[in-house]
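These are the residues of each chain, in order.
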Amino acid sequence: MKRVTRKYIYMSKLIIQGQAQLAGEIEVKGAKNAALKIIPATLLSREKITITNLPHIEDINKAIALIKDLGAAVIQQGRTLEIQINDIVKNELKPEIANKFRASIMFVGPILARTGEVKFPLPGGCVLASGAQRPIDLFLQGFKKFGAEIDIKDNCYHLKAKQLKACDYFFTTISVTGTESLMMTAVLAEGRTILKNCACEPEIKALADYLNSQGAKIQGAGTPTITIEGVSKINAGQYQVIPDRIETGTFAIMAAATKSEITITNCNPSHIEVLLNIFQKIGVEYSHGEDWLKIAKVKTIKPNNIKTHEYPGFPTDLQSPYTVLMTQAQGSSIIHETIYDRRLLYTDMLMQMGSDIIMCDPHRVVVNGPSQLIGRTLTSPDIRAGIAMIIAGLIANGQTEIDNIYQIDRGYENIDGRLRALGADIKRIGTLNL
Ligand code: EPU
């Protein structure tokens, strides 16, 4: 079989001929941001953990490579992954892998809890906030509270703690991975930890439910205050990755933006309640059951302002697809991105495609719709801006070419194949390495 190198993936691109009529069903895959936490959580146990409904995406490949490097026995069959890590053979995260994705920071707490020592580089991932990389100060403050000593040299962190001690910790900024990381760290710490001003995302509750089913004592996950009674061991177990709510919302927005009737299956519509309420305001009709969502063909879309917010507010990860949708609305909408200050830069590319967008400041744009978008050659700067470009390409007149689609493959499994099945005219030049 031909070997597909990483360089080759970087060279791949998507070519979209816009305005094809979409219709049919699309299935949501397991949530990237849930799967990325359960893999490091397996480090908390010496026993075998079976993970099902795993998405086939680039970030998961990196998490698996990282855990194998720590000495885990890993068997992957389709969407099922078995991991057992009896002994953590080294307590250093391989920089070549760790500095390529943000969720590598999730490995730090469990390694520290099990071995008393961990070395890691500044994690990578999408550059969404000012500065070269996203900050990790909340994690470091938290680890210190658990009794860790921290040494920083040449952008490499060295943490030591013979026995982690429970603590009270207040997040001065609400952080999803920060909450998950300290919650996992507390599971094996001695005593009762109370985490305050926590993030409430469904992936956090899913992680806590799983850990509780295997012997942890976590209360309040999914609310701002989480209490964790330390235990001495976590048992073997099974975890089914919850459906990706960002995929669900993205496909729902795509259906509305392309004025298509699409049914989204294997999803949890209650996780995107905020979007569905906005749909009611802007004239997007839908019906749903517990695990499906059907978007009806839209006639006209009304404008509507949004402000991104922690869950259950409007997710920052849906801001870019929603902005594309508002380019098709009858009037002006303000998009206010409150979580990251570099997450509106992609709107420059929507402007190149003919949309009427005014950038007010790094956090706010005004979108004046409706605009007929025109196909262009674009580069995907990150996962969510990349998927927005795909949606823009689907509604544009003519051909859109998107480079750097490695960024899209990090978060969306076989996106071109799945959209082709809906009738999209989209092809990949280069090969998908799964
Ligand atoms: N922040 C700090 N210090 C820290 C950590 C975060 O100042 O130590 C700031 C961030 O700069 C940001 C805010 O806190 O302004 C909130 O960021 P958060 O920590 O919640 O983000 P995250 O945990 O790094 C996760 C998702 C992101 C998603 C955000 C917000 C994962 C692996 N990533 O990131 O997902 O946008 O929560 O919901 O769970 C994506 O999937 O494309 C993605 C970027």
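Each remark here, short or long, concerns the structure printed above.
Residues numbered from 1 in each chain as written. Predicted model: local features only at pLDDT ≥ 70, side-chain atom pairs only at ≥ 80, totals over all residues. Heavy atoms only, no water.

## Notes on unusual backbone geometry
Peptide bonds are, in most cases, trans, and in most cases residues other than glycine have a negative phi. With an omega of 10°, the peptide bond running from Y311 to P312 counts as cis. By secondary structure assignment, the location of P312 is in the loop between β17 (306-307) and α11 (319-326). Cis geometry marks the peptide bond from G369 to P370, where omega comes out at -5°. Residue placement: P370 occurs in the loop between β20 (364-368) and β21 (377-379). Positive phi values are uncommon outside glycine, yet N53 reaches one of about 60°. Counting through the fold element by element, N53 comes out in the loop between β3 (49-52) and α3 (58-69). (Helix = DSSP H or I, 4+ residues; strand = E, 2+ residues; numbered from the N terminus.)

## A few points about the site of the ligand
Taken together, 22 residues form the shell around the ligand, and within it S175, T177, D317, I339 and R384 come nearest. The separation between an oxygen atom of the ligand and a polar side-chain atom of N33 is 3.1 Å. The separation between an oxygen atom of the ligand and a polar side-chain atom of R384 is 2.7 Å. Considered on its own, the ligand offers 830 Å² of accessible surface; in the complex 89% of this is hidden by protein. (Near = heavy atom within 4 Å. Polar contact = N/O pair within 3.5 Å; in protein donor to acceptor, adjacent residues only side chain to side chain. Areas by Shrake-Rupley, 256 points an atom, 1.4 Å probe, with all protein chains shown as cover.)

## Observations regarding empty space enclosed by the protein
As enumerated under the stated definition, the model contains 2 cavities of 30 Å³ or more in all. Approximately 40 Å³ is the volume attributed to the largest cavity. As for the largest cavity, its lining consists of T316, Q319, S320, R343, Y346, D382, R384 and A385. At the level of secondary structure, the elements contributing two or more residues to the lining of the largest cavity comprise α11 and α13 (383-395). (1 Å grid on protein atoms, 1.4 Å probe; cavity = no way out; pocket = protein on both sides within 12 Å on 5 of 7 lines; lining within 4 Å. Points joined across faces, edges and corners; volume = space filled by probe spheres on them.)

## Digging into the pairing of β3
Bridge count for β3 against strand β5 (residues 80-84) is 3 bridges, and the pairing is antiparallel. Along β5, the bridge assignment pairs I49 with I83. (Pairing = 2+ DSSP bridges.)

## A closer look at the layout of surface pockets
What the largest pocket holds in volume is close to 990 Å³. Together, 41 residues line the largest pocket, and R134, V176, T177, I339 and Y340 are the ones closest to its centre. Counting only elements with at least two residues in the lining of the largest pocket, the list comes to α2 (32-41), α6 (137-145), α7 (176-187), α9 (245-257) and α13. Counted by class, the lining of the largest pocket contains 18 nonpolar, 7 polar and 16 charged residues. (Nonpolar A, V, L, I, M, F, W, Y, C, P; charged D, E, K, R; others polar.)

## Regarding the side chain of E201
Relative to the helices and strands, E201 is located in the loop between β10 (192-196) and α8 (202-213). Buried charge without a salt bridge: E201, with R245 as the nearest opposite-charge side chain at an N-O distance of 4.5 Å. (Buried < 20%, exposed > 50% of the residue type's maximum accessible area, 1.4 Å probe, protein only. Lys, Arg positive; Asp, Glu negative; His and termini not counted. Salt bridge = Lys/Arg side-chain N within 4 Å of Asp/Glu carboxyl O.)

## What about the side chain of H271?
Relative to the elements of secondary structure, H271 occurs in the loop between β14 (261-265) and α10 (273-282). On the basis of relative accessibility, which here comes to 16%, the residue H271 falls in the buried class. In this structure, H271 is in contact with P202, I242, R245 and Y311, ignoring residues within four places of it in sequence. (Contact = heavy atoms within 4.5 Å.)

## Observations regarding a positive patch on the surface
On the surface, a cluster of positive charge is made up of K119, K153, K160 and K162. When you line up the elements, K119 lands in strand β6 (residues 117-121). Looking at K119, the relative accessible area reads 31%, which means it is partly exposed. (Patch = residues over 30% accessible without salt bridge, like charges linked within 9 Å, V, L, I, M, F, W, Y side chains within 5 Å. Charge placed at Lys NZ, Arg CZ, Asp CG, Glu CD.)

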